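Spelled out, the chains give:
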Amino acid sequence: MTPAAHDDASASRPRQDQPADVRRATCLIGWLGDAGELVLENYLTGRRSAVDARVIPPLQSLTDATPWPRAVERFRGLQDLLTQLLEQHVVLPVGGRLDRDESAVLDAWPWDRDAHYFHWSTRRTAFTFDVSDERRMLLERARTTPQPPAYTYYAGRPETVLPPAEPNDTTLANALSGRRTRRDFASQPMSLQDLATVLGVTWGVSSLRSDPGVGVVALKTSPSGGARHPTEAYCLPLRVTGLERGVYHYCAGRHSLSLISRGVDEDIALAALAGQSWALDAAAVFFMTSVTRRSAWKYRQSHAYRVVLLDAGHLGQTFHLVCTALGLGPWTSAALDETQAERLLALKDRSEIVVYTAACGTARG
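Residues numbered from 1 in each chain as written. Predicted model: local features only at pLDDT ≥ 70, side-chain atom pairs only at ≥ 80, totals over all residues. Heavy atoms only, no water.

Engineer: Honestly, the overall build of the protein in this entry has me stumped. Any pointers?
Structural biologist: The helix and strand tally for the protein stands at twelve helices and 14 strands. Here the protein holds 365 residues, and the buried ones make up 41% of them. Pairs at least 24 residues apart make up 70% of the contacts formed inside the protein by residues separated by at least 6 positions. One finds the centroid of the 40 positive side-chain charges in the protein at a distance of 3 Å from the centroid of its 40 negative side-chain charges. (Helix = DSSP H or I, 4+ residues; strand = E, 2+ residues; numbered from the N terminus. Buried < 20%, exposed > 50% of the residue type's maximum accessible area, 1.4 Å probe, protein only. Contact = heavy atoms within 4.5 Å. Lys, Arg positive; Asp, Glu negative; His and termini not counted. Charge placed at Lys NZ, Arg CZ, Asp CG, Glu CD.)

Engineer: Looking at this model, I keep getting lost on the environment of Ser222. Mind explaining?
Structural biologist: One can find Ser222 in the loop between strand S8 (215–219) and strand S9 (231–237). Residues Ser222 and Ala312, 90 residues apart in the sequence, show an inter-C-alpha distance of 9.4 Å. Apart from residues lying up to four places away in sequence, Ser222 is in contact with His229, His314, Leu315 and Thr318. Looking at Ser222, its side chain comes within polar contact range of the side chain of Thr318, at 2.6 Å. (Polar contact = N/O pair within 3.5 Å; in protein donor to acceptor, adjacent residues only side chain to side chain.)

Engineer: Looking at this structure, I do not really get the packing of aromatic side chains. What am I missing?
Structural biologist: Aromatic rings in a pair are described by how distant their centres are and how their planes are angled relative to each other. For the coordinates displayed, the defined rule picks out nine aromatic pairs. Relative to Tyr117, the ring of Tyr43 has its centre 6.1 Å away and its plane inclined at 75°; by these criteria the two rings are edge-to-face. Of this pair, Tyr43 sits in the loop between strand S3 (38–42) and strand S4 (47–51) while Tyr117 sits in helix H5 (residues 113–122); the two residues are 74 residues apart in sequence, bridging distant segments of the chain. By relative accessible area, Tyr117 is classed as partly exposed at 23%. Between Trp109 and Tyr305, the ring centres sit 5.6 Å apart and the planes meet at 45°, which makes this aromatic pair tilted. Of this pair, Trp109 sits in the loop between helix H4 (97–108) and H5 while Tyr305 is found in helix H11 (residues 304–325), placing the two residues 196 residues apart along the sequence. Taken together through their ring pairs, the aromatic side chains of Trp109, Trp111, Phe118, Trp120 and Tyr305 make up a single cluster. (Phe/Tyr/Trp six-rings, centres within 6.5 Å; stacked < 30°, edge-to-face > 60°.)

Engineer: Hey, could you run me through the sheet that holds strand S13 (residues 329–333) in this one?
Structural biologist: Within a sheet, neighbouring strands are paired by backbone hydrogen bonds and run either parallel or antiparallel to one another. One open sheet holds the six strands; their spatial order is S11-S10-S9-S12-S14-S13, and the pairing between them is antiparallel. Both outer strands of the open sheet, strand S11 (256–262) and S13, are each paired with one neighbouring strand and no more. Strand-to-strand, the axes of this sheet are offset by a mean angle of 25°, without reference to chain direction. In the packing of helix H8 (residues 192–203) onto the sheet, the strands contacted are S9, strand S10 (246–251), S11 and strand S12 (284–291), and the crossing angle to S12 comes to about 20°. (Pairing = 2+ DSSP bridges. Axes fitted to C-alpha atoms, helices over the stretch in contact; angles between N-to-C directions.)

Engineer: Explain the nonpolar core to me, please; I cannot follow it from the model alone.
Structural biologist: Side chains of a nonpolar character, in soluble globular proteins, are inclined to be buried together. One finds Leu195, Trp203 and Phe286 to be the most contacted residues of the largest nonpolar core, which totals 40 residues. When contributions to this core are tallied by element, the ones reaching two or more residues are H4, H5, H8, S9, S10, S12, H11 and strand S14 (352–361). Sorting elements by how many residues they give to this core places H11 first, with eight residues. If sequence neighbours within four positions are ignored, Phe286 has contacts with Leu195, Val198, Leu199, Trp203, Tyr234, Cys235, Phe319, Tyr356, Thr357, Ala358, Ala359 and Cys360. (Core = buried A, V, L, I, M, F, W, Y, C linked by side-chain atoms within 4.5 Å.)

Engineer: So what exactly am I meant to see when it comes to the pattern of salt bridges here?
Structural biologist: A side chain with one charge can pair with a side chain of the opposite charge if their charged atoms come near. Across all of its chains, the model carries 15 salt bridges by this definition. In this structure, Asp101 and Arg350 form a salt bridge, with 2.9 Å as the shortest nitrogen-oxygen distance. Residue Asp101 is found in helix H4, and its partner Arg350 is found in the loop between helix H12 (338–345) and S14; the two are separated by 249 residues along the sequence. Arg350 matches Asp101 in its accessibility class, with the two residues each being buried. Overlapping salt bridges, with partners in common, bring together Arg23, Asp99 and Glu102 in one network. (Salt bridge = Lys/Arg side-chain N within 4 Å of Asp/Glu carboxyl O.)

Engineer: Quick question: what am I supposed to make of the sheet that holds S4 here?
Structural biologist: Here three strands make up an open sheet; going across it, the order is S2-S3-S4 and the pairing antiparallel. Only two strands of the sheet have a single neighbouring strand rather than two, namely strand S2 (28–32) and S4. On average, adjacent strands in this sheet sit at an angle of 25° to one another, irrespective of strand direction. Sheet topology places S2 next to S3; five bridges connect them, and they run antiparallel. Opposite Ile29, over in S3, you have Glu41 as the bridge partner.

Engineer: Is there a simple way to think about the state of the cysteines in this case?
Structural biologist: Each disulfide consists of a covalent bond between the sulfur atoms of two cysteine residues. Throughout the structure, instances matching the rule amount to zero disulfides. The closest cysteine sulfur to the non-disulfide-bonded Cys251 is located on Cys235, 14 Å from its own sulfur. Residue Cys251 is classed as partly exposed on the basis of its relative accessible area of 21%. As a non-bridged cysteine, Cys360 has Cys323 as the owner of its nearest cysteine sulfur, 4.1 Å distant. (Disulfide = S-S within 2.5 Å.)

Quick look at the structure:
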């Protein structure tokens, strides 16, 4: 996308399909490509453009809303180039959907662009779950590049052989040793009591503590950076005795379920699960979201985004152990179609992001 000659004096007059006002997109990241070209990407939409560096000064002038004719003038009459930048989401129509969406994201995410880019670019990852294809791929890779060792051993260093690990709590020991991820469920119902235990012990508030001058702080069975506990849980009880199918939000502080919508559209649920159909044979499916405002209120640096993801991982392990102790098969996955999950859960706030999914039920075999 490079500037070209344009002699039409009428080019600065906006057509019906052109916006009245435009501005430069804020959610942009740029780098030099392999051939030395400048690449600009709108990381909210994934649109990329290779541009001539000469477009940077006129782009810088479009920080605020600018009438279309004036924007064309700043590009020295290169209306076609400006139209291409509009199509590639480098320039946005003021008041349009992308303009509103970007403003909502910037308002909800006080962290710097490194966290923004990592989140929004990776959420477009496409997943496939053809076991035979994956197996062939791994075998081919292993033939050319052996996998890294399963554990690290510092050979030649002084070594102390430890006594056997023997947890005093046999229930915990059995749950730890018996924990295995399951992907084959028997489509059998679970009790409401078991669901309540999974939700309460995994995501529920154990106690509340008052931090003078700050406010109420929640304590749970899993650790959380700064005790912020940004993770929320949504439940799809597919086969739970005494509970109708639907999409529910679990209120950790009240140990209760709020009905978001009745029934479960399995097509949308399957799309949200990135096609992992085995989860729909489970008794209950869970989606974990993170309310970034909750963590960002205390931690303003982008490093906090790492901690948000770690928090979800802590909860995933707790979920596995609780389910195993109850005799249920657990499953967790970060492979998600976040757009479909947001649709399923009816999420509107840009500060609440989908990060993890889980399911449990009676495992086959």
